[in-house]
Amino acid sequence: MNFNKSSLYPLNLSHDNASLLAGILGCSIGSLPFTYLGLPLGTTRPRVVDFAPLVNREERRLTASSMFLPQGGRLTLINSVLSSIPTYYMCSLQLPVTVIKAIDTARKNCLWRGNNPSLTRMSLAFGDRICTTKDKGGMGVINLRVHNTALLLKHMVKFYNGAELPWVKLISQTYYVSRLPHLVLNKGSFWWRDITSLLDIFRGIAKCTIQSGATALFWNDLWNDDFKCTSYPNLFSVTLYKNDSVRTMCLRPMEDSFVLPLSDDACGEFLQLQEELNHLQLQARRSDVWSFIWGTGIYTAKRFYNLNYSSLQPPRPMIWLWKTKCVMKIKVFAWLLFCDRLNTRDMLDKRHCAKEDDDLTCALCNTHHQTSCLLHMSFQCGLLAAARHSLGL
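What you see is a predicted model, and the numbers here were worked out from it, not measured in a lab.

**Some details on the overall build of the protein chain**
And then number 1: Per the secondary structure count, the protein chain includes 21 helices and eight strands.
And then number 2: Counting every position in the protein chain, which comprises 393 residues, the buried fraction comes to 39%.
And then number 3: For the protein chain, the exposed area adds up to about 22700 Å²; of that, 56% sits on carbon and sulfur atoms.

Pasting the structure below:
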C-alpha cells in the first residue's frame, strides 16, 4: 500500500489522535464527504453540488460535432452516450430531481439545438412523448427517473430474498429482528431510507412463495396468487391484526384473530380460509421466495422499465417505423411526421411563433386549409395528390 497516496478519514476521533495515527501511517488526514470509486461517500445525503462532476461530464459530451449531426445522429448520441453516463451513479444512489433536470436539459439541447443551448429554437418534443419505448410510439430515450428506480429496486430484491451479503445481514439484524420492513420505515442511513421508499413499488410487482412466512404480510401482500384482504373482505373487516406476517397469523389460533361473533358471510369466508391454511406448510429454516408478476423469479431493470409502458397502445405506423432499414435521420423525420411535430405553418401558429400578417396558406396548392398541415399534405393538397397519382401511389 502506498501511504503517500492514501488518506485517513476519522470518525468519532479527536483531532490529536487522528494526527497521531496519520503520522504513524505516513498519510494525510481527509474529511467527509469524499469521492470513492467515483461516487460521493459520506454519512449524510449527497448535496446537489456533489453531483456537479456528473453534470459537467454530460455537458462536455456536447461537443462541436453535435452541431453538425443530423437529428438521427443526435438521437443515437443521446441513447448511446448521454443516457449511459449516469447509470453508474443510479445503480447506487437516488439522483436528486435537480440533477435529473440538468441532465434532461443537456439531452434536450443535444437533440434539438446541437451544442448551443443559447438558441431560441423551440423543442419539437420532449418528456414522456420521446421517453416512451420505441415499440410503444416513442423515440426510446431513457426516462432517468424510471431507470433510477429500476436500478435501485435490485437492492430491495436482494434484501427480501435474503442474499448472502454482509449489508443484508447487518440491516436485518439491526432493524428487522421482530418486525417486517413494510412496517418499519425511516430507519437506517439515508441510502437505506431511499431504498425503502420504493417498498410500495416493489410490493406492486412482487409476489411471495411462502416458506417461512416471515417476510410477507398475511392480508396485504400477494401470496398464493391473491391478496387475502380482497379475497376475504368480510373477514378482513373484523380482524384484530391487519399487519401480521403470514407466519405470525398461522401460529396463532384462527379464532383469536377476529372479533367474535362472526356474521354469516364472514363465517363462510372463515371456513374457506381455514381450509386454505390447512394446505400451507411453513418451513422455518427456509427463506420466503419473492418472484415477479412477469412470471419469473429473476428481476431485471429492463423488465421493470418496460412494464411502465406495457399498457400503452401505439399507433400502427409506430410498430414498424423503427424496424425499417432506413437511415436514422429518416426514421426521426417520419416519427415527427406521424406525431405532427414538424415545424409546419399551422404548428408555428399554434405555438404563437407566427406573426399576425404571416401567410398560412399552402405553398403548393395556394389554398387556406382549416385542418392540420399533416392532414392537408397527406390527403387534401391537390398538387401532392396529383404527384402521388402519377407515381402510382
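That shown, we press on.
**Description of the packing of aromatic side chains**
And then number 1: The full count for this structure, using the stated rule, is 23 aromatic pairs.
And then number 2: Over the aromatic face of Trp223 sits the side chain of Lys228, whose NZ or CZ is 3.8 Å from the ring centroid.
And then number 3: A cation over a ring is seen here: Arg252 above Tyr241, with NZ or CZ 3.9 Å from the ring centre.

**Remarks on the side chain of Thr132**
And then number 1: The residue Thr132 is located in the loop between α7 (128-131) and α8 (144-160) in this model.
And then number 2: Among all residues touching Thr132, those that are not within four sequence positions of it are Gly138, Met139, Gly140, Tyr309 and Leu312.

**Overview of helix α6 (residues 97-113)**
And then number 1: Counted at 1.5 Å a residue, the expected span for α6 with its 17 residues is 24 Å, and the 23 Å between its end C-alpha atoms agrees.
And then number 2: Those residues of α6 that sit buried are Val99, Ile100, Ile103, Ala106, Arg107, Asn109, Cys110, Leu111, Trp112 and Arg113.
And then number 3: In this structure, the buried residues of α6 make contact with α2 (52-60), α4 (71-82), α7, α8 and α18 (328-338).

**A word on a nonpolar patch on the surface**
And then number 1: On the surface, Met1, Phe3, Leu13, Leu20, Leu21, Ile24 and Leu25 cluster together into a nonpolar patch covering about 720 Å² of accessible area.
And then number 2: Mapped onto the elements, Leu21 comes out in helix α1 (residues 15-25).
And then number 3: A relative accessible area of 39% places Leu21 in the partly exposed class.

**What about the pattern of salt bridges?**
And then number 1: Enumeration over the complete set of coordinates arrives at eight salt bridges.
And then number 2: For Arg107, the salt bridge is made with Asp104, and the minimal N-O distance between the two is 2.6 Å. Placement of both Arg107 and Asp104 in helix α6 is noted, with a separation of three residues, approximately one turn of the helix.
And then number 3: In this structure, Arg252 engages Asp244 in a salt bridge whose closest nitrogen and oxygen atoms are separated by 2.6 Å.
And then number 4: Taken together, the shared-partner salt bridges in this structure form one network comprising Asp226, Lys228 and Glu276.

**Considerations on unusual backbone geometry**
And then number 1: The step from Leu260 to Pro261 runs through a cis peptide bond, and the omega angle for that step is 0 degrees.
And then number 2: Tracing the backbone through its elements, the reader meets Pro261 in the loop between α14 (246-251) and α15 (264-278).
And then number 3: Positive phi, close to 65 degrees, is recorded for Asp225, a residue that is not glycine.
And then number 4: Tracing the backbone shows Asp225 in the loop between β6 (222-223) and β7 (226-227).

**With respect to the packing of α8 against helix α9 (residues 166-175)**
And then number 1: Two elements in contact, α8 and α9, have axes separated by 10 Å at closest approach and are oriented at 70 degrees. The angle between α8 and α9 places the two elements in the roughly perpendicular class. For the element pair α8 and α9, the recorded crossing hand is right-handed. Taking contact as the criterion, the partners of His155, Lys158 and Phe159 in α8 are, on α9, Trp167, Val168, Ile171 and Ser172.
And then number 2: Its residues assigned to classes, the contact of α8 with α9 shows four nonpolar, two polar and one charged.

Rules used throughout
Every chain is numbered on its own, with residues counted from 1 as its sequence reads. Per-residue local features are limited, in this predicted model, to residues with pLDDT of at least 70; the limit for side-chain atom pairs, both in listing and counting, is 80 or more; totals at the level of whole chains, interfaces and linings are taken over all residues. Side-chain measures here rest on the full set of heavy atoms in the structure, leaving out hydrogens and waters. Each helix is a run of H or I in the DSSP string that is no shorter than four residues. Each strand is a run of E no shorter than two, and both are numbered from the N terminus. The buried label goes to any residue with under 20% of its type's maximum accessible area, the exposed label to any with over 50%, and the partly exposed label to all in between, with areas taken from a 1.4 Å probe on protein chains only. Note on areas: these come from Shrake-Rupley sampling with a 1.4 Å probe, and a residue is covered only by the protein chains present in the view. Aromatic pairing here means that ring centres of Phe, Tyr or Trp (its six-membered ring) are within 6.5 Å. Orientation follows from the plane angle: under 30 degrees is stacked, over 60 is edge-to-face, and everything else is tilted. In our convention, an over-ring charge means Lys NZ or Arg CZ found within 6 Å of a ring centre and within 35 degrees of that ring's normal. Here, residues are in contact when the closest pair of their heavy atoms is within 4.5 Å. Here, expected helix span is obtained from the residue count minus one, scaled by 1.5 Å. For patch building, the residue pool is restricted to those with more than 30% relative accessible area and no salt bridge; the joining distance is 9 Å between like charges and 5 Å between nonpolar side chains (Val, Leu, Ile, Met, Phe, Trp, Tyr). Put simply, a salt bridge is a Lys or Arg side-chain nitrogen that is within 4 Å of an Asp or Glu carboxyl oxygen. Axes here mean lines fitted to C-alpha atoms, for a helix over just the part in contact, with angles spanning 0 to 180 degrees between N-to-C directions. Oblique is the label for any angle not under 35 degrees, not over 145, and not in the 65 to 115 range, which are roughly parallel, roughly antiparallel and roughly perpendicular in turn. Whether a crossing is left-handed or right-handed is set by the direction in which the near helix is turned from the far one by less than a right angle, anticlockwise for left-handed and clockwise for right-handed. Any residue that is not Ala, Val, Leu, Ile, Met, Phe, Trp, Tyr, Cys, Pro, Asp, Glu, Lys or Arg is counted as polar, Gly included; the first ten are nonpolar and the last four charged.

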